[in-house]
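# Breakdown of the fold
Single-letter residue listing:
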Amino acid sequence: MMRPALLIAGLVSLVSGASWGQGVGDAPSDAKSGDGRFITWKEHIIDDRLADGTPLSGGDGLIMVDLDLDGFGDIVSVHESDVVYDGEPDGFVRIAFGTDNPDRWINVTLVEGSEAGAPEDAAAADVNGDGYPDIVIASELAHLLYLQNPGRDARKTPWRRTLLKDTVNRGSFIRVFLGDLDGDGRPEATAANKGVQDPPAGWDKLTPVSVFKPGGNPLDGAAWREKELMRAVIPQNAQMIDIDSDGDIDVIAGERTRARLTLFENTDGRGGLVGDEIRIDQARAGGFNLDYADFNHDGRLDIVAATDRGLGWLEQPASIRDIWKFHAIGDFGPDALTGIAASDIDGDGDIDVISGGYSRGDRATDSNMPISASLGRLGWFANPGRADLPWTRHDISRRVRGMFDKFIARDMDADGDIDFAGTRGNSTPYDGVFWLEQVREETPQQRFKRARELDSPEVPLPPAAK
């Protein structure tokens, strides 16, 4: 945990050097909704170390699902606890149980310590057939963990669990998904194993993207059977999606080193997955985070991805084996693109995209990073109505520290517009889970209202990035 004196010193250094000018989040909004009002954003904290003293840091994946079937969405979040990669298998898996008030959450720890194993991602589905969603966790150090939902008393009753035997100490699991690939009524898990938590330069080991099928009792870790789909250098996705809209689930794998996507088409509706590279015109995509929408209204799902040409959407051709055309959306330069979610943010009837940047500086202190460095960023891109035309970027916030790894689009406060739940990392002690409330104003107001009085400082964009 960072000492307060260091934090305050960092803040003084940055604020006193405020020749930088007005921070992104402090500027008046120029984004408008479909009804002509100005869009601003208000941050709300769902879970962090102040919630109950749990020393959360390194927020990564999250999912939202009604675990106890009470009608309110619950959030499962994972926190790898690394300020620096130290090889220690620790961390936390948390559940924020929802209530009728989007600012009141019941936060509990589901898994911690070595059993969490630097958790990176989570998935939920009813694996044992009792009607309640169960959870699988992907850990970078290094296994898949199945947790069985105890039912309506999920907040207070211990969750039975097992490690999938074939995954224990077998690399570094970075993504996991659940879905019924073979149509037998029971979900399988897909997972990408990147090999090691922090692959060094020149890493060339081939590791798998796999399907794991549960046995008769999913609590028997030895009964989950692995089927490898492919091997690659640093595979980093294994996402289930019915990409061709034929009624069965396909899998899209992404790999970092060769920056390519591979589609495993479910050819028989029974999990007969046939893989082929997605050929993208004039762009390369590693696919760590992907989202899907029909941007050109042709009845086919397109892919939203960060590519070597910035954020873009990949147009699905009439035949999925043909070339997918790249269409630019925008970029965050000099900041990275990490989390991605597609939704109609401004309520004008077309699909927009939110994204989050990834700060590259010290994770525990607000060191005096140059304004041209890759810093923590939030922003969204407005669809022009015809998605092949230029999009408009609307910046929300730019902070010295922050990693915004995942977003879930949801009307959190039931006021008729889209809000977002998300995780924040690289920002100890500000890491955790938050939601962004979309607020619509009659006149331009401050773009971003942060939840904490003390936080990593807002900074402007470099002149070249405006």
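Scroll up for the structure.
Here is a short report on the structure shown in this document. (Residues numbered from 1 in each chain as written. Predicted model: local features only at pLDDT ≥ 70, side-chain atom pairs only at ≥ 80, totals over all residues. Heavy atoms only, no water.)

## Things to note about the overall build of the protein
Looking only at helices and strands, the protein features 2 helices and 30 strands. Rg of the C-alpha trace for the protein: 21 Å, near the compact-globule value of 23 Å for 466 residues, within the 12% margin. Referenced to the eigenvectors of the C-alpha coordinate spread, the extents of the protein come out at roughly 60 × 50 × 50 Å. Sorting the 466 residues of the protein into buried and exposed places 59% on the buried side. By sequence separation, contacts in the protein at least 24 residues apart represent 57% of the contacts at least 6 residues apart. (Helix = DSSP H or I, 4+ residues; strand = E, 2+ residues; numbered from the N terminus. Rg over C-alpha atoms; globule rule 2.2 N^0.38 Å. Buried < 20%, exposed > 50% of the residue type's maximum accessible area, 1.4 Å probe, protein only. Contact = heavy atoms within 4.5 Å.)

## Some details on the sheet that holds strand β4 (residues 92-97)
Pairing is antiparallel across the open sheet formed by 4 strands, whose spatial order is β2-β3-β4-β5. A single partner strand is all that each edge strand has here, and the edge strands are β2 (59-65) and β5 (106-112). Taken pair by pair, the neighbouring strands of this sheet meet at an average axis angle of 20°, ignoring direction. In the sheet, β2 pairs with strand β3 (residues 74-79) via 5 bridges, with the strands oriented antiparallel. Residue pairing for β3: Ile63 is matched across the bridge by Val76. (Pairing = 2+ DSSP bridges. Axes fitted to C-alpha atoms, helices over the stretch in contact; angles between N-to-C directions.)

## A word on the side chain of Gln236
When you line up the elements, Gln236 lands in strand β14 (residues 235-241). Here the side chain of Gln236 touches Arg256 through a polar contact of 3.5 Å, side chain to side chain. At 3.2 Å, the side chain of Gln236 forms a polar contact with the backbone oxygen of Gly286. Once residues lying within four places of it in the same chain are set aside, the contact partners of Gln236 are Ile174, Arg175, Ala192, Gly254, Glu255, Arg256, Gly286, Gly287 and Phe288. (Polar contact = N/O pair within 3.5 Å; in protein donor to acceptor, adjacent residues only side chain to side chain.)

## What to know about the sheet that holds strand β24 (residues 352-356)
On the basis of which strands lie adjacent, the open sheet formed by 4 strands has the order β23-β24-β25-β26 and antiparallel pairing. On the outer flanks of this sheet lie β23 (340-343) and β26 (392-399), each paired with one strand and no other. Within the sheet, the average angular offset between the axes of one strand and its neighbour, ignoring direction, is 15°. With 4 bridges connecting them, β23 and β24 associate as antiparallel partners. Its bridge partner being in β24, Ser343 is matched across the sheet by Asp352.

## A look at the pattern of salt bridges
Applying the stated rule across the entire model yields 33 salt bridges. With a shortest N-O distance of 3.1 Å, Asp52 and Arg94 are connected by a salt bridge. Here Arg94 lies in strand β4 and Asp52 lies in helix α2 (residues 49-52), a separation of 42 residues in the sequence. In this structure, Asp184 and Lys213 form a salt bridge, with 2.8 Å as the shortest nitrogen-oxygen distance. With Asp184 in the loop between β10 (173-179) and β11 (188-193) and Lys213 in strand β12 (residues 206-213), this pair connects stretches of sequence that are 29 residues apart. Residues joined by salt bridges that share partners form a network here, namely Glu43, Asp48, Arg399, Arg424, Arg452 and Asp455. (Salt bridge = Lys/Arg side-chain N within 4 Å of Asp/Glu carboxyl O.)

## Some details on the environment of Pro384
Locating Pro384 in the fold gives a position in the loop between β25 (376-382) and β26. Along the primary structure Pro384 and Trp224 are separated by 160 residues, whereas in three dimensions their C-alpha atoms are 47 Å apart. Beyond its immediate sequence surroundings of up to four residues, Pro384 is in contact with Asp350, Leu389, Pro390 and Trp391.

## Re unusual backbone geometry
Omega for the peptide link from Leu141 to Ala142 comes to -15°, which places this bond in the cis form. When you line up the elements, Ala142 lands in the loop between β7 (134-139) and β8 (143-148). The residue after Gly333, namely Pro334, is reached through a cis peptide bond having omega 5°. On the secondary structure map, Pro334 appears in the loop between β22 (324-330) and β23. Positive phi values are uncommon outside glycine, yet Leu69 reaches one of about 55°. By the secondary structure assignment, Leu69 is in the loop between β2 and β3. For Ala414, which is not glycine, the phi dihedral falls at a positive 55°. Positionally, Ala414 belongs in the loop between β27 (407-410) and β28 (419-424).

## With respect to the packing of aromatic side chains
In the structure shown here, the tally under the stated rule is 8 aromatic pairs. Measuring from ring centre to ring centre gives 5.5 Å for Phe332 and Phe381, while their planes differ by 25°; the resulting arrangement is stacked. Pair noted here: Phe332 is in the loop between β22 and β23 and Phe381 is in strand β25, with a separation of 49 residues, a long-range link. As far as burial versus exposure is concerned, Phe332 and Phe381 are alike and both buried. For the ring pair Phe404 and Phe434, a centre distance of 5.9 Å and an interplane angle of 85° mean the geometry is edge-to-face. Residue Phe404 is located in the loop between β26 and β27, and its partner Phe434 is located in strand β29 (residues 432-441); the two are separated by 30 residues in the primary sequence. Through pairs of rings, three or more aromatic residues link up here, namely Trp41, Phe407 and Phe420. Of note, Arg175 hangs over the ring of Phe288, and the distance from its end group to the ring centre comes to 5.5 Å. Taking the ring centre of Tyr358 as reference, the NZ or CZ of Arg360 above it sits at 4.7 Å. (Phe/Tyr/Trp six-rings, centres within 6.5 Å; stacked < 30°, edge-to-face > 60°. Lys NZ or Arg CZ within 6 Å of the ring centre and 35° of its normal.)

## Concerning the side chain of Glu437
Here Glu437 shows up in strand β29. Buried and unpaired, Glu437 has no salt bridge, with Lys42 as the nearest side chain of opposite charge at 4.8 Å. Within the structure, the side chain of Glu437 is placed 2.7 Å from the side chain of His44, a separation counted as a polar contact. Residues within four places of Glu437 in sequence aside, it is in contact with Thr40, Trp41, Lys42, His44, Asp413 and Asp419. (Lys, Arg positive; Asp, Glu negative; His and termini not counted.)

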